[in-house]
Amino acid sequence: MRAHFAARGAGTIIAGLAALVMLMAGAALAKPPAAIAELLTRASDGALDKLSQPGAFSADDAIRIALPGAGKLGGLMGMSDKLGVTKDLNKSLNSAAEMAAGKAKPIFRDAIHGMTIEDTASVLTGGDTAATEYLEKSSGERIIGEIRPLVADALEKAGAFKHGKSLQKLGLTEDKLTDHVADRTAAGIFKYMGAEETRLRENPIGGLKSLLKDWRR
C-alpha cells in the first residue's frame, strides 16, 4: 500500500514537472518566431528588391532563365536562333521573372508569418542559410503556386506568348512555359534570400544579430 502511494506520488511529481517544463518551453519559444520572421522578412525583401530591377535575372549566370530543355532541342533551337526568336523569348522570360519578383513581397511575408513556433527551432542547428532553407522546404510549393499567376501575367506583358507558333514548334505550351518560369523565378529568389540571410546574420544593423543571440540562449 505504501509503495502504491509512493508510486502515485512520484508519478504526480513527474507529471507536474513535465507540465512545468512545457510551460517554460512555451515561454522561451514565444520570442523565436519574431526573431526568425524578422530575419526572413529582411532577407526576402532584400532579395526581391534586387531581383525586381531590370536585367537582374539575365545578368546573373546562376539564376538566368532559359527556355526549358534548350540543350536538347538541337536543330529546332538553332533554327529559332537564326530567326531571333530564342533571344527574344529568353529576354521575355527573365523580364517576366523580374516583374513577378517586384510583386512577390506579400506572398513571402504571408508564408513567413505562417510558420509555427516549432518550425523556427530547426534554424538553431542549421548554417547561415538555415532559415531560408527551411522556408523553401516547408513553403516552397505554396510560394511557387502563388507566384505562378504573377509570372503568367508578366509573361503576357513581356511578349513571351506572342511567339505561340514558335513555342509549339519547340514543344512548349503557355502553361508549360509558365510553370518553368515560376519554378526558376522562385529558385532565384531563394538563392538570393540565402545570400541576404548570410549577410544579415553577420551584420548587427538594427539589433538583428543581438535578437538572434538572445533567442539561442
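Predicted model, so just to flag it, every value in this text is computed and none were measured.

A. How the structure looks around the overall build of the protein chain. On a plain count of helices and strands, the protein chain comes out with 11 helices and zero strands. Along the chain direction, N to C, the helices and strands of the protein chain fall in the order α-α-α-α-α-α-α-α-α-α-α. When each of the 217 residues of the protein chain is scored for burial, the buried share is 38%. Taking all contacts inside the protein chain whose residues are at least 6 apart in sequence as the whole, residues at least 24 apart take part in 83%. Within the structure as shown, the protein chain displays about 12,000 Å² of accessible surface, and the carbon and sulfur contribution to it stands at 58%.

B. Quick peek at the confidence of the model for the protein chain. Model confidence for the protein chain is summarised by a mean pLDDT of 77, while 66% of its residues fall at 70 or above. Segment residues 2–7 is flagged for pLDDT under 50; beyond a separation of four residues in sequence, or across chains, it makes zero contacts in the model. Long-range and interchain partners of residues 72–80, a stretch whose pLDDT sits below 50, account for 11 contacts in this model, where long-range means more than four residues apart.

C. View of the side chain of Asp45. Within the secondary structure layout, Asp45 lies in helix 2 (residues 32–51). Reaching out from Asp45, the side chain makes a polar contact with the side chain of Arg109 at a distance of 2.5 Å.

D. Highlighting the packing of helix 6 (residues 105–113) against helix 8 (residues 130–158). For the pair helix 6 and helix 8, the least separation of the axes is 10 Å and the interaxial angle reads 150°. In this view, helix 6 runs roughly antiparallel relative to helix 8, as classed from their interaxial angle. As for the relative orientation of helix 6 and helix 8, their crossing is right-handed in sense. Facing Ile107, Phe108, Asp110, Ala111 and Ile112 of helix 6, the residues of helix 8 in contact are Leu135, Ser139, Arg142, Ile143, Glu146, Ile147 and Leu150. Tallied by class, residues from the contact of helix 6 with helix 8 come to eight nonpolar, one polar and three charged.

Calculation rules
- Residues numbered from 1 in each chain as written.
- Predicted model: local features only at pLDDT ≥ 70, side-chain atom pairs only at ≥ 80, totals over all residues.
- Heavy atoms only, no water.
- Helix = DSSP H or I, 4+ residues; strand = E, 2+ residues; numbered from the N terminus.
- Buried < 20%, exposed > 50% of the residue type's maximum accessible area, 1.4 Å probe, protein only.
- Contact = heavy atoms within 4.5 Å.
- Areas by Shrake-Rupley, 256 points an atom, 1.4 Å probe, with all protein chains shown as cover.
- pLDDT = per-residue confidence, 0-100.
- Polar contact = N/O pair within 3.5 Å; in protein donor to acceptor, adjacent residues only side chain to side chain.
- Axes fitted to C-alpha atoms, helices over the stretch in contact; angles between N-to-C directions.
- Parallel < 35°, antiparallel > 145°, perpendicular 65-115°, else oblique.
- Left-handed = near helix turned anticlockwise from the far one by under 90°.
- Nonpolar A, V, L, I, M, F, W, Y, C, P; charged D, E, K, R; others polar.

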